[in-house]
Amino acid sequence: MSHKLKVVTIGGGSSYTPELLEGFIKRYHELPITELWLVDVEEGKEKLDIIFALCQRMIKKAGIPLTIYKTLDRREALKEADFVTTQLRVGQLKARELDEAIPLSHGYLGQETNGAGGLFKGLRTIPVIFDIIKDVEEICPNAWIINFTNPAGMVTEAVYRHTNFKRFIGVCNIPIGMKMFITDVLKLTEQDTLSIDLFGLNHMVFIKDVIVNGQSRFPELLEGVASGTLTAGSVKNIFDLPFSEGLIRSLNLLPCSYLLYYFKQKEMLAIEMGEYYKGGARAKVVQQVEKQLFELYKDPHLNIKPKELELRGGAYYSDAACEVINAIYNDKQAEHYVNIPHYGHIDNIPADWAIEVTAILGKDGAKPHPRLTHFDEKVLGLIHTIKGFEIAASQAAISGEFNDALLAMNLTPLVLSDKDAEVLTREMLLAHKAHLPNFAHAIAQLAASN
């Protein structure tokens, strides 16, 4: 390894960046990063300045020889980068508000990674990720891209389906939350070794086994979750609404919390509609939390990551990021839960899919865990449905064709009428036009016909 280790974070003005830096500081003894570059866009400049100053104070307090830079020039930052992390939000939180509010105004779930909202976040994000990949291929082709930008599954699918870039790994904090939940309820200590068989798609994962010190403890975990006797102390319980006992027992799998959108669609919609009519979508709450965080970050005496950051939904994701980088850099051959192509490793799904799965990570990247060669047949139908939606969405992001976007909107099981799909597609294309340059032609035609 070279004596210089350079990490570039695109979306450096994000409120999560202090957590990322905290992770790097904590691991400095084995991951001696010499340069961290924070990159953002013009609209994010003010946040970037605040984050940069806080990060400088954190590094000074830690007393490590890490130099931090900030820039709005991505290409300048990428020179000689070893790792690039992407944590961007095209259109910022205002765009998220539209992703939630427009579907809700038509009586549909408004959610930033599923359904109509997830589709439009994907349409805005994928072309930007492709631009970043082009720059990386040209400027630092040996760098790894570790992506947390949502919708992580759709983005990973698009990258492996439509580019030739192979050093791309998608990371999500949902499996981390599940792992913390398991550690907590089984009362595991540092001395215990925990291995989790997790499979599916991003925000649609299931756990089918939990192995502690070589022994499966899945039956007692499943029993505890099904009967409701297990609740987590330290983690905000990952199931906001409990899944029904019958569902857990009949599946004989532990679903992640996002599966509430499919198994409790009626209840989740009712809750969201209630919030919407009271004038608050989740994006409004997040904007409030973020505003408070940035007020804290401005304090010249603050030199650690504040506790309040954990109120944001993505808490701990950056810990996952640091661990993934650490595993590759130090060739750890360690277990992680990531979004990657499986290249036929799983025997009962198409070989060209990108999936979220337990993987072993080392210097050559991530490979699905040798134990996981088969997806549980019981949930294959649902997984196929969502993968069909992701594939259609990534095609639309590239083509910029109205009909491609409409197809994806019709394929999500969270939109229940073809007429509504058309209304939503039109309305959301027009609402997001500033951040959908690929769709300029389609949007101009829509505007003319309105």
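Please read these numbers as outputs of a predicted model, since none were measured by experiment.

### Notes on the overall build of the protein chain
So, step 1. What the protein chain contains, in helices and strands, is 17 helices and 13 strands.
So, step 2. Summarising its shape, the C-alpha atoms of the protein chain cover approximately 60 × 55 × 45 Å along the three principal directions.
So, step 3. Here the protein chain, with 450 residues, has 58% of them falling under the buried criterion.
So, step 4. Put simply, of all contacts in the protein chain between residues at least 6 apart along the chain, 73% involve residues at least 24 apart.
So, step 5. Carbon and sulfur atoms make up 54% of the accessible area of the protein chain, which totals about 18,500 Å².

### With respect to the environment of Arg-75
So, step 1. Inspection of the secondary structure puts Arg-75 in helix α3 (residues 74–78).
So, step 2. Residues Arg-75 and Asp-135, spaced 60 residues apart in sequence, show a C-alpha to C-alpha distance of 6.7 Å.
So, step 3. With residues up to four places along the chain from it excluded, the contact list for Arg-75 reads Asp-135, Glu-138 and Ile-139.
So, step 4. Here Glu-138 takes part through its side chain, which lies 2.5 Å from a polar atom of the side chain of Arg-75.

### Focus: the packing of helix α14 (residues 380–399) against helix α15 (residues 402–411)
So, step 1. Where α14 contacts α15, the two axes come as close as 8 Å, and the packing angle between them is 160 degrees. The angle between α14 and α15 places the two elements in the roughly antiparallel class. Note that α14 runs across α15; the crossing there is left-handed. Of the residues in α15, those in contact with Thr-385, Gly-388, Phe-389, Ala-392, Ala-393, Gln-395, Ala-396 and Ser-399 of α14 are Asp-404, Ala-405, Leu-407, Ala-408 and Leu-411.
So, step 2. Residue composition of the contact of α14 with α15, grouped by class: eight nonpolar, four polar and one charged.

### Some words on the packing of aromatic side chains
So, step 1. Inspection of the entire model under this criterion finds six aromatic pairs.
So, step 2. Seen from their ring centres, Trp-37 and Tyr-69 are 4.4 Å apart, and the 20 degrees between their planes marks the pair as stacked. Taken together, the residues Trp-37 in strand β2 (residues 35–39) and Tyr-69 in strand β3 (residues 67–71) connect sequence positions 32 residues apart.
So, step 3. On the basis of an interplanar angle of 50 degrees and a centroid distance of 6.0 Å, the ring pair of Tyr-258 and Tyr-261 is categorised as tilted.
So, step 4. Judged by its relative accessible area of 10%, Tyr-261 falls in the buried class.
So, step 5. Chaining the aromatic ring pairs together yields one cluster made of Phe-199, Phe-206 and Phe-375.
So, step 6. Taking the ring centre of Phe-199 as reference, the NZ or CZ of Lys-208 above it sits at 5.8 Å.

About the cut-offs
- Residue numbers run consecutively from 1 along every chain, following the written order of its sequence.
- Reporting in this predicted model follows two pLDDT cut-offs: at least 70 for local features of residues, and 80 or more for side-chain atom pairs to be given and counted; totals over whole chains, interfaces and linings ignore these cut-offs and use all residues.
- Side-chain calculation: all heavy atoms of the structure are included, whereas hydrogens and water are not.
- For the purposes of this entry, the term helix denotes a DSSP run of H or I that reaches at least four residues, the term strand denotes a run of E that reaches at least two, and both are numbered from the N terminus.
- The buried label applies to any residue whose accessible area, calculated with a 1.4 Å probe on protein chains only, is under 20% of its type's maximum; exposed applies above 50%, and partly exposed to all values in between.
- The contact criterion used is simple: two residues touch if any of their non-hydrogen atoms lie within 4.5 Å.
- For every accessible area listed, the method is Shrake-Rupley and the probe measures 1.4 Å; residues are considered covered only by the protein chains on display.
- Polar contact is defined as a pair of N or O atoms within 3.5 Å, subject to the rule that within protein one atom must be able to donate a hydrogen and the other to accept it, and that residues adjacent in sequence are counted only when both atoms are side-chain atoms.
- Note on method: axes are straight lines fitted to C-alpha atoms, helices fitted across the in-contact stretch only, with angles between N-to-C directions ranging 0 to 180 degrees.
- Orientation is classified from the angle alone, with under 35 degrees giving roughly parallel, over 145 giving roughly antiparallel, 65 to 115 giving roughly perpendicular, and any other angle giving oblique.
- In this scheme the handedness of a crossing depends on how the near helix is turned from the far one: anticlockwise by less than a right angle means left-handed, clockwise means right-handed.
- Under the convention adopted here, Pro, Cys and the residues Ala, Val, Leu, Ile, Met, Phe, Trp and Tyr are nonpolar, Asp, Glu, Lys and Arg are charged, and Gly plus all remaining residues are polar.
- The aromatic pairing rule takes the rings of Phe, Tyr and Trp, using the six-membered ring of Trp, and pairs them if the centres are within 6.5 Å, calling planes under 30 degrees apart stacked, those over 60 edge-to-face and the rest tilted.
- In our convention, an over-ring charge means Lys NZ or Arg CZ found within 6 Å of a ring centre and within 35 degrees of that ring's normal.

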